Amino acid sequence: MRELTDDHESPNAERKLRAGMAWNLVPVVVLGVVGLGLNFAIGRWWGTEALGVFNQVTTAYFVLASIGSIGINLSVLRAIAQKPEDSPAVAAIVIGALIPATGLAAIVTVLMIAGRHTIGHWLDSPVVAEGIVYAAPGLACFVVNKLLISIVNGLGRMRAFAIYTTLRYA
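Here the structure is a predicted model, which means the values were calculated and not measured. (Residues numbered from 1 in each chain as written. Predicted model: local features only at pLDDT ≥ 70, side-chain atom pairs only at ≥ 80, totals over all residues. Heavy atoms only, no water.)

*Asks:* Can you tell me about the nonpolar core, naming the residues and giving the values?
*Replies:* Within the largest apolar cluster, 17 residues are counted, with the highest numbers of intra-cluster contacts made by Val 57, Tyr 61, Met 112, Val 128, Ile 132 and Leu 139. Broken down by secondary-structure element, the contributors of at least two residues to this core are α3 (48-69), α5 (87-114) and α7 (126-154). At eight residues, the largest contribution of residues to this core is made by α7. Setting aside chain neighbours within four positions, we find Tyr 61 in contact with Met 112, Ala 135, Gly 138, Leu 139 and Phe 142. Residues Ile 72, Val 76, Ala 101 and Ile 151 belong to the second largest nonpolar core, which totals nine residues. (Core = buried A, V, L, I, M, F, W, Y, C linked by side-chain atoms within 4.5 Å. Buried < 20%, exposed > 50% of the residue type's maximum accessible area, 1.4 Å probe, protein only. Helix = DSSP H or I, 4+ residues; strand = E, 2+ residues; numbered from the N terminus. Contact = heavy atoms within 4.5 Å.)

*Asks:* Quick one: what's the story with the environment of Leu 64, residue by residue and with numbers?
*Replies:* Looking at the element boundaries, Leu 64 is found in helix α3. Counting along the chain gives 75 residues from Leu 64 to Leu 139, while the straight-line C-alpha distance between them is 8.0 Å. Contacts of Leu 64, omitting those with residues within four sequence positions, involve Val 108, Met 112 and Leu 139.

*Asks:* Please set out the side chain of Asn 24 residue by residue, giving values where relevant.
*Replies:* Mapped onto the elements of the fold, Asn 24 is located in the loop between α1 (11-23) and α2 (25-46). Taking the relative accessible area as the measure of exposure, Asn 24 reaches 17% and is therefore buried. Among the polar contacts made by the side chain of Asn 24, one reaches the main-chain carbonyl oxygen of Met 158 at a distance of 3.4 Å. Leave out the neighbours within four places in its chain, and Asn 24 touches Met 158, Phe 161 and Ala 162. (Polar contact = N/O pair within 3.5 Å; in protein donor to acceptor, adjacent residues only side chain to side chain.)

*Asks:* Can you break down the packing of aromatic side chains residue by residue, with the values?
*Replies:* For the structure on display, the rule yields four aromatic pairs. Ring plane angle 55° and centroid distance 5.4 Å describe the contact between Tyr 61 and Phe 142, whose orientation is recorded as tilted. Placement of the pair is Tyr 61 in helix α3 and Phe 142 in helix α7, with a sequence separation of 81 residues. Under the relative-accessibility criterion, Tyr 61 is labelled buried at 14%. What makes Phe 142 buried here is its relative accessible area of 18%. Relative to Phe 142, the ring of Phe 62 lies with its centre 5.5 Å away and its plane at 65°, an arrangement referred to as edge-to-face. Here Phe 62 is found in helix α3, whereas its partner Phe 142 is found in helix α7, with 80 residues between them in sequence. Put simply, the rings of Tyr 61, Phe 62 and Phe 142 touch in pairs and so form one group of aromatic residues. (Phe/Tyr/Trp six-rings, centres within 6.5 Å; stacked < 30°, edge-to-face > 60°.)

*Asks:* Please set out a nonpolar patch on the surface residue by residue, giving values where relevant.
*Replies:* Judged by side-chain polarity, Trp 23, Val 26, Ile 163, Tyr 164 and Leu 167 come together as a nonpolar surface patch covering roughly 460 Å² of accessible area. Examining the composition of the nonpolar patch, we find that three residues originate from one element, helix α8 (residues 158-169), more than from any other. By the element assignment, Leu 167 lies in helix α8. Leu 167 sits in the exposed class, given a relative accessible area of 57%. (Patch = residues over 30% accessible without salt bridge, like charges linked within 9 Å, V, L, I, M, F, W, Y side chains within 5 Å. Areas by Shrake-Rupley, 256 points an atom, 1.4 Å probe, with all protein chains shown as cover. Salt bridge = Lys/Arg side-chain N within 4 Å of Asp/Glu carboxyl O.)

*Asks:* Outline the packing of α7 against α8, listing residues and values.
*Replies:* Running from N to C, α7 and α8 point in directions that differ by 160°, and their axes come no closer than 9 Å. One element, α7, and the other, α8, form an angle in the roughly antiparallel class. For the pair α7 and α8, the crossing hand works out as left-handed. Contacts from Phe 142, Asn 145, Lys 146, Ile 149, Val 152 and Asn 153 in α7 reach Ala 160, Phe 161, Tyr 164, Thr 165 and Arg 168 in α8. Here the contact of α7 with α8 is built from residues that sort into six nonpolar, three polar and two charged. (Axes fitted to C-alpha atoms, helices over the stretch in contact; angles between N-to-C directions. Parallel < 35°, antiparallel > 145°, perpendicular 65-115°, else oblique. Left-handed = near helix turned anticlockwise from the far one by under 90°. Nonpolar A, V, L, I, M, F, W, Y, C, P; charged D, E, K, R; others polar.)

Have a look at this one:
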């Protein structure tokens, strides 16, 4: 059996890779439009103070989401990508990751809510503490969503990955 190298890669595989890369430009564009659009809209409609609060709450959210996932999503991505055709192994990886990821997501969400006043005090903003209450429920979902999207990516379903990532931002 002939091994494929960079010099002898099949045209079909290259075409599939290029199509997947093109699909994955869509979420990048959507993220840019949504991110900038939210910042401009908040700044214009509610002013710079509200924009600052939004960005501080968002920063706390993403920092805690990273802590909550502790890289499980990246480990799952790597493990599944090594043998995506091995269904029993993929199922074991998914179940083995969903259980701790869900638990960690719940813990980080509770910590975010419990620590809201401390975070608000550090930032000298009681409004940030209030904003955290509204953002916290989405944190648990976001951590689990990171894992689920990594599973799709590991399976090599680049179009689905791009669509799900776009929906996540939208």
